[in-house]
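Remarks on the overall topology
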Amino acid sequence: MSPARPAVSEPAPDFTLPGTDGSPEGHRDYTLSDLRGEVVVLVFYPGDNTPVCTRQLNTYTAEVAEFEGLDARILAISPQSVESHDGFSRAQGGFAFPLLADTDKAVGRRYGVLGPVGFYRRSVFVVDADGVLRYTHRAVAGLSFRPTAELVDAVRKAL
């Protein structure tokens with residue numbers, strides 16, 4: 001069975017995943033459908049504490065102000081545990097968005113971001129306020145990532 005590959009103009013597959021939240025408790029569940037009414041940027045990244053992923057998430061954090069005024073929410077998703085995300089986030093001085101744990105890769109499978117040997121491919125999706133995909137990018141080789149300006153433009157188009 002080949003993995004799903006939802007496309008632009010299709011409903012974004014719903015999910016609930018545990019993630020970091022910066023609160024004293026440190027964790028909570030995130031459900032995509034609970035965020036209806038907001039544009040959501042889903043950033044799938046292969047792994048905590050890896051060079052390109054670290055640069056990507058630090059870049060998006062440093063440039064998060066570019067999303068201000070757009071009412072967009074960023075969720076970063078990888079297959080590591082929430083505990084791994086905690087350590088990664090602490091080591092980097094924190095990120096401007098939660099890191100969600102897709103430990104069984106079920107969400108990655110539903111979004112068609114798993115490569116041939118089961119690793120996450122660096123991918124980004126923009127989901128509009130009605131829960132419809134408005135931008136999709138699945139990397140073939142994950143040595144680079146989509147620039148913030150491109151994502152901000154995709155968010156603007158999704159409004």
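You'll find the structure just up there.
Residues numbered from 1 in each chain as written. Predicted model: local features only at pLDDT ≥ 70, side-chain atom pairs only at ≥ 80, totals over all residues. Heavy atoms only, no water.

1. Points about the overall build of the protein chain
Counting secondary structure elements, the protein chain contains four helices and seven strands. When the elements of the protein chain are put in sequence order from the N terminus, they spell out β-β-β-α-β-α-β-α-β-β-α. The globule rule puts the C-alpha radius of gyration for 159 residues at 15 Å, and the 14 Å found for the protein chain is close to it. Over its C-alpha atoms, taken along the principal directions, the protein chain stretches across nearly 40 × 35 × 30 Å. Here the protein chain, with 159 residues, has 48% of them falling under the buried criterion. Counting only contacts in the protein chain whose residues sit at least 6 apart along the sequence, the fraction spanning at least 24 positions is 65%. Split by element, the accessible area of the protein chain, about 7,600 Å² in all, is 52% carbon and sulfur. Measuring between centres, the 16 positive side-chain charges of the protein chain sit 8 Å from its 20 negative side-chain charges. (Helix = DSSP H or I, 4+ residues; strand = E, 2+ residues; numbered from the N terminus. Rg over C-alpha atoms; globule rule 2.2 N^0.38 Å. Buried < 20%, exposed > 50% of the residue type's maximum accessible area, 1.4 Å probe, protein only. Contact = heavy atoms within 4.5 Å. Areas by Shrake-Rupley, 256 points an atom, 1.4 Å probe, with all protein chains shown as cover. Lys, Arg positive; Asp, Glu negative; His and termini not counted. Charge placed at Lys NZ, Arg CZ, Asp CG, Glu CD.)

2. Brief notes about helix α2 (residues 82-91)
The complete set of buried residues in α2 reads V82, H85, D86, F88 and S89. Check the buried side of α2 and you find it contacts β1 (16-20), β2 (27-31), α1 (51-62), β4 (72-78) and β5 (99-101). Following α2 by one or two positions, G93 has its phi on the positive side, about 80°.

3. Observations concerning the pattern of salt bridges
A complete count under the given rule lists four salt bridges for this structure. Between R73 and E38 there is a salt bridge, and its shortest N-O distance comes to 3.2 Å. One end of the pair, R73, is in strand β4; the other, E38, is in the loop between β2 and β3 (39-44), with 35 residues separating them in the sequence. Judged by its relative accessible area of 25%, R73 is partly exposed. For E38, a relative accessible area of 24% puts it in the partly exposed group. In this structure, D128 engages R134 in a salt bridge whose closest nitrogen and oxygen atoms are separated by 2.8 Å. Assessed through its relative accessible area of 6%, D128 is described here as buried. Residue classification places R134 among the partly exposed residues on the basis of a relative accessible area of 38%. (Salt bridge = Lys/Arg side-chain N within 4 Å of Asp/Glu carboxyl O.)

4. Section: the environment of E68
Mapped onto the secondary structure, E68 falls in the loop between α1 and β4. For E68, a relative accessible area of 61% gives the class exposed.

Note that all results are geometric; they support no functional claim without further evidence.
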